[in-house]
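# Inside the fold
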Amino acid sequence: MSRQIALLRGVNLGGRKVVMSELREVCEAAGFSNVRTLIASGNLVLNAKFTGAKLEAKLEKVILAGLELKTDVFVRDADQLDAVIDANPFKAFTKTNPNFLVVNFMRSSATKAELEAMENTALTGEEIRQGKDCLYIKFPQGQGVSKLKMPKSGTARNWNTVTKLAAMLRPA
């Protein structure tokens, strides 16, 4: 069993309500162990027998069956999440503004069309950098004022959440 994070897309937004205790229960009933959640936006840390796309597909089926919620799930293990943290192109910015940097976790790189759409809608100083299966997005004025068109093929977490999830993957 390996410790991994699973990030659900679009949870507790626009009427897609999920109670985190119910999400934990559904995952535990499906055989996952040591299941924990972080804040109410669909962040799971769990032990699982499989990894990657196989785990993503299994969790998507479990969540659909148990909670009647169709959602995309993005899985990362400790090494993958450490690599995301180490590759951060905005390290100095995150020291003073960790809530204003977002990592958009994806299954592959953003397409040229997605990057162009983001560049064309980066009207308040946003900066975007491609990472390995993720985008790093700097929101100097915050996400609330941004009109940035985010790719629908991922799920975003701010830097504070990313680093808290990384800490949860470590043995106590």
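Up top you'll find the structure we're talking about.
The residue numbering used here restarts from 1 in each chain and proceeds along that chain's sequence as written. In keeping with the model being predicted, local features are shown solely for residues with a pLDDT of at least 70 and side-chain atom pairs are shown and tallied solely at 80 or more, while totals for entire chains, interfaces and linings include all residues. Processing note: side-chain calculations cover all non-hydrogen atoms of the structure and skip hydrogens and water entirely.

Each Phe, Tyr or Trp ring, with Trp reduced to its six-membered ring, pairs with another whose centre is within 6.5 Å; inter-plane angles below 30 degrees give stacked pairs, above 60 give edge-to-face pairs, and intermediate values give tilted ones. Under the counting rule described, the total for this entry stands at 0 aromatic pairs. Comment: the charge-over-ring label is applied if NZ (Lys) or CZ (Arg) is within 6 Å of the ring centre and within 35 degrees of the ring normal. A cation over a ring is seen here: Arg107 above Phe74, with NZ or CZ 4.6 Å from the ring centre.

Now for the sheet that holds strand β4 (residues 73–77). As summarised here, the arrangement of the 4 strands in space is β2-β3-β1-β4, forming an open sheet in which the pairing is antiparallel. A strand with exactly one partner marks an edge of an open sheet, and here the two such strands are β2 (33–38) and β4. For this sheet the average axis-to-axis angle between neighbouring strands, irrespective of direction, equals 25°. Strand pairing follows a simple DSSP-based rule, namely that at least 2 bridges must link the two strands. What counts as a helix is a DSSP run of H or I of at least four residues, what counts as a strand is a run of E of at least two, and both are numbered from the N terminus. Two elements, strand β1 (residues 2–8) and β4, share 5 bridges in a ladder whose sense is antiparallel. For Leu8, the partnering residue across the bridge sits in β4 and is Val73. Where helix α3 (residues 78–86) meets the sheet, it contacts β1 and β4, and its direction lies at approximately 90° from that of β4. Angular values range over 0 to 180 degrees, each being the angle between N-to-C directions of two axes fitted as lines to C-alpha atoms, with helices fitted over their stretch in contact. Between two residues, a contact is recorded if the distance between any of their heavy atoms is within 4.5 Å.

Turning our attention to the sheet that holds strand β8 (residues 154–158). What the 4 strands build is an open sheet, ordered β6-β7-β5-β8; its pairing is antiparallel. Only two strands of the sheet have a single partner each, and these edge strands are β6 (127–131) and β8. Ignoring which end each strand starts from, the neighbouring axes of this sheet average 20° apart. Both β6 and strand β7 (residues 134–138) contribute to a ladder of 5 bridges, which runs antiparallel. The partner of Arg129 across the bridge, within β7, is Tyr136. Contacts from helix α5 (residues 112–121) reach β5 (101–106), β6 and β7, with the element oriented near 160° to β6.

This part is about the pattern of salt bridges. By convention in these notes, a salt bridge is any Lys or Arg side-chain nitrogen within 4 Å of a carboxyl oxygen on Asp or Glu. What the rule picks out here adds up to 6 salt bridges. Across the pair Asp82 and Arg170 runs a salt bridge whose closest N-O atoms are separated by 2.3 Å. Here Asp82, found in helix α3, pairs with Arg170, found in the segment after α6 (159–169); they are 88 residues apart in sequence, far enough to count as distant. With relative accessibility at 36%, the residue Arg170 sits in the partly exposed group. The salt bridge involving Asp133 is made with Lys132; its shortest N-O contact spans 3.7 Å. Residue burial is assigned from relative accessible area. The probe radius is 1.4 Å, only protein chains are included, and a residue is buried under 20% of its type maximum, exposed over 50%, and partly exposed in between.

Running from N to C, α3 and α6 cross one another at 145°; their axes reach a closest spacing of 10 Å. The two elements α3 and α6 cross, and the hand of that crossing is left-handed. Contacts from Ala78, Leu81, Val84 and Ile85 of α3 reach α6 at Trp159, Val162, Leu165, Ala166 and Leu169. Following the grouping adopted for this structure description, the nonpolar residues are Ala, Val, Leu, Ile, Met, Phe, Trp, Tyr, Cys and Pro, the charged ones are Asp, Glu, Lys and Arg, and the polar ones are all others, Gly among them. For the contact of α3 with α6, the residue count by class is 9 nonpolar, no polar and no charged. Here a crossing is taken to be left-handed if its near helix is turned anticlockwise relative to the far helix by less than a right angle, and right-handed if that turn runs clockwise.

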